[in-house]
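Commentary on secondary and tertiary structure
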Amino acid sequence: MKKQDITDLKLLLSTEKKIVIVPHKNPDGDAIGSSLGLYHFLIKNKHQVNIIVPNDYPHFLKWMPGENSILKYDAQTEISQSLISDADIIFTLDFNALSRSGQMETALSESKAIKIMIDHHQAPDDYAKYTYSDVSMSSTCEMVYNFIIMLNQESYIDANIASCIYTGIMTDTGSFRFSCTTSQTHRVVADLIDKGAQNAQIHNNVYDTNSFERLQLLGCALSNLKVFPEHRAAFITLSQEELNKFNYKKGDTEGIVNYGLSLNNIVLAAIFIEDKQEGIIKISLRSKGHFSVNEMSRAHFNGGGHINAAGGRSELTLKDTVEKFISILPSYNKALNNE
Ligand code: 5GP
Ligand code: MN
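Residues numbered from 1 in each chain as written. Chains lettered and ligands numbered in written order. Predicted model: local features only at pLDDT ≥ 70, side-chain atom pairs only at ≥ 80, totals over all residues.

- If you look the protein up in an unreviewed UniProt entry, it shows as Bifunctional oligoribonuclease/PAP phosphatase NrnA from Aestuariibaculum sediminum.

Next up, the structure:
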């Protein structure tokens, strides 16, 4: 972020403003953590703040401080629309294109509010007056921490803000193990613990609150795992029928794609999840090293993300989506075997 932008933002935020914070559709730990961390910070600065999420988020994030004040656009559309059109400032967090806010896209693009993007995805669109985009960052949460530091307000980071920011860094780095985790990420996390983030409790809240059915669903997913050693690739499928059988709840499939990547010698893993209601197959792609799933998703699956973690969608059937994936693997064979 430019020096002048920081000076402008300090001035902008020095008087009370009506602020809306929006993360991406199907919000994850980083989306909710960064939204809530920023929310608590802006409230401390005496602003009127609302978080509006496009749709619901997983139960394992529903312990976070302030989470019960989050508005859901799909269920509370009218109030959300009036807050968006009345807002002085809209922060968009953890996404790089307004289309990633799903149904909120029109309301956001029509709003006259000053938009501020904080995000770490590749190829950000140019819709915000102020864009803080850095693809080298582990998470949007780490950027919210930096944003607070840039405003010279480190002393405002209390236990609530620290817990929210810690959560998103933890989930987006796979508990500090993905290559996006830097020594600076660890310094930030150490500071957040000093400021009151209860790290062991947060890990427990997010990772150790599985239902029995969720573990059964994981068992089903693992039994569907297919491996292509010649392409160093693996994928998992979950049909709507299988999801229903195990009483699928939002968030139950989170992280399952990583089991494919945990296989020795595998550098590309995918999961294909059928969503009959939306009429799509939701795709998650993960990779190791330099193989870019962001590029693969942009080229073939209508999505994007980061080099090693990307999402996308397909409007083909589950079977045809899998066939498409298998059919494109040979064209990536060289890149996959060079890893
Ligand atoms: P996931 O597979 O967990 O849904 O997403 C992996 C990463 O890719 C996340 O950072 C997520 O925000 C991003 N992502 C997921 N779906 C899409 C998409 O359709 N478009 C873009 N640009 N990014 C996505
Ligand atoms: Mn993120």
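**Re the pairing of strand E4 (residues 89–93)**
- Counted residue by residue, E4 has five buried out of five residues, so it is predominantly covered.
- A two-sided burial pattern is seen for E4, the buried positions comprising Ile89, Phe91 and Leu93 on one face and Ile90 and Thr92 on the other.
- Summarising the sheet, strand E1 (residues 18–23) and E4 pair through five bridges and their orientation is parallel. Residue pairing for E4: Ile21 is matched across the bridge by Phe91.
- Pairing analysis gives five bridges linking E4 to strand E5 (residues 114–119), with the strands arranged parallel. Note that in E5 the partner of Ile89 across the bridge is Ile114. (Buried ≥ 20, exposed ≤ 12 C-beta atoms within 10 Å, placed from the backbone. Helix = DSSP H or I, 4+ residues; strand = E, 2+ residues; numbered from the N terminus. Pairing = 2+ DSSP bridges.)

**Some thoughts on the sheet that holds strand E12 (residues 309–314)**
- On the basis of which strands lie adjacent, the open sheet formed by six strands has the order E7-E8-E9-E10-E12-E11 and mixed pairing. Where the open sheet ends on each side, the last strands, each with one partner, are strand E7 (226–228) and strand E11 (304–305).
- Looking at chain direction, strand E10 (residues 280–287) and E12 are connected through six bridges and run antiparallel. From the neighbouring strand, Arg286 faces E12, where its bridge partner is Ala309.

**Describing the sheet that holds strand E3 (residues 71–72)**
- Read from one edge of the open sheet, six strands run E3-E2-E1-E4-E5-E6, paired in parallel fashion. Edge strands, defined here as strands with exactly one partner in the open sheet, are E3 and strand E6 (130–133).
- Bridge count between strand E2 (residues 48–53) and E3: two bridges; the pairing is parallel. Bridge pairing in E3 places Val53 opposite Lys72.
- Here helix H5 (residues 140–150) sits on the sheet in contact with E4, E5 and E6, set at roughly 120 degrees to E5. (Contact = placed C-beta atoms within 7 Å. Axes fitted to C-alpha atoms, helices over the stretch in contact; angles between N-to-C directions.)

**Points about the nonpolar core**
- Grouped together as the largest cluster of nonpolar side chains are 55 residues, with contacts concentrated most on Val20, Ile21, Phe91, Ile118, Ile165 and Tyr166.
- Element by element, the count of residues in this core is highest for helix H6 (residues 159–172), at seven residues.
- Grouped together as the second largest cluster of nonpolar side chains are 31 residues, Leu243, Val257, Ile266 and Phe291 included. (Core = buried A, V, L, I, M, F, W, Y, C linked by C-beta atoms within 7 Å.)

**Topic: helix H3 (residues 77–86)**
- Within H3, the full set of buried residues consists of Ser80, Leu83 and Ile84. The buried residues of H3 occupy an angular sector of 100 degrees when the element is viewed end-on, so they sit on one face. In H3, those exposed residues whose orientation departs by more than 90 degrees from the buried face are Glu78, Ile79 and Ser82. (Arc of directions from axis to C-beta.)

**Comments concerning the environment of Thr92**
- Tracing the chain through its elements places Thr92 in strand E4.
- You can call Thr92 buried: it has 27 C-beta atoms within 10 Å.
- Separated by 57 residues in sequence, Thr92 and Ser35 place their C-alpha atoms 8.8 Å apart.
- Contacts of Thr92, omitting those with residues within four sequence positions, involve Val22, Lys115, Met117 and Ala128.

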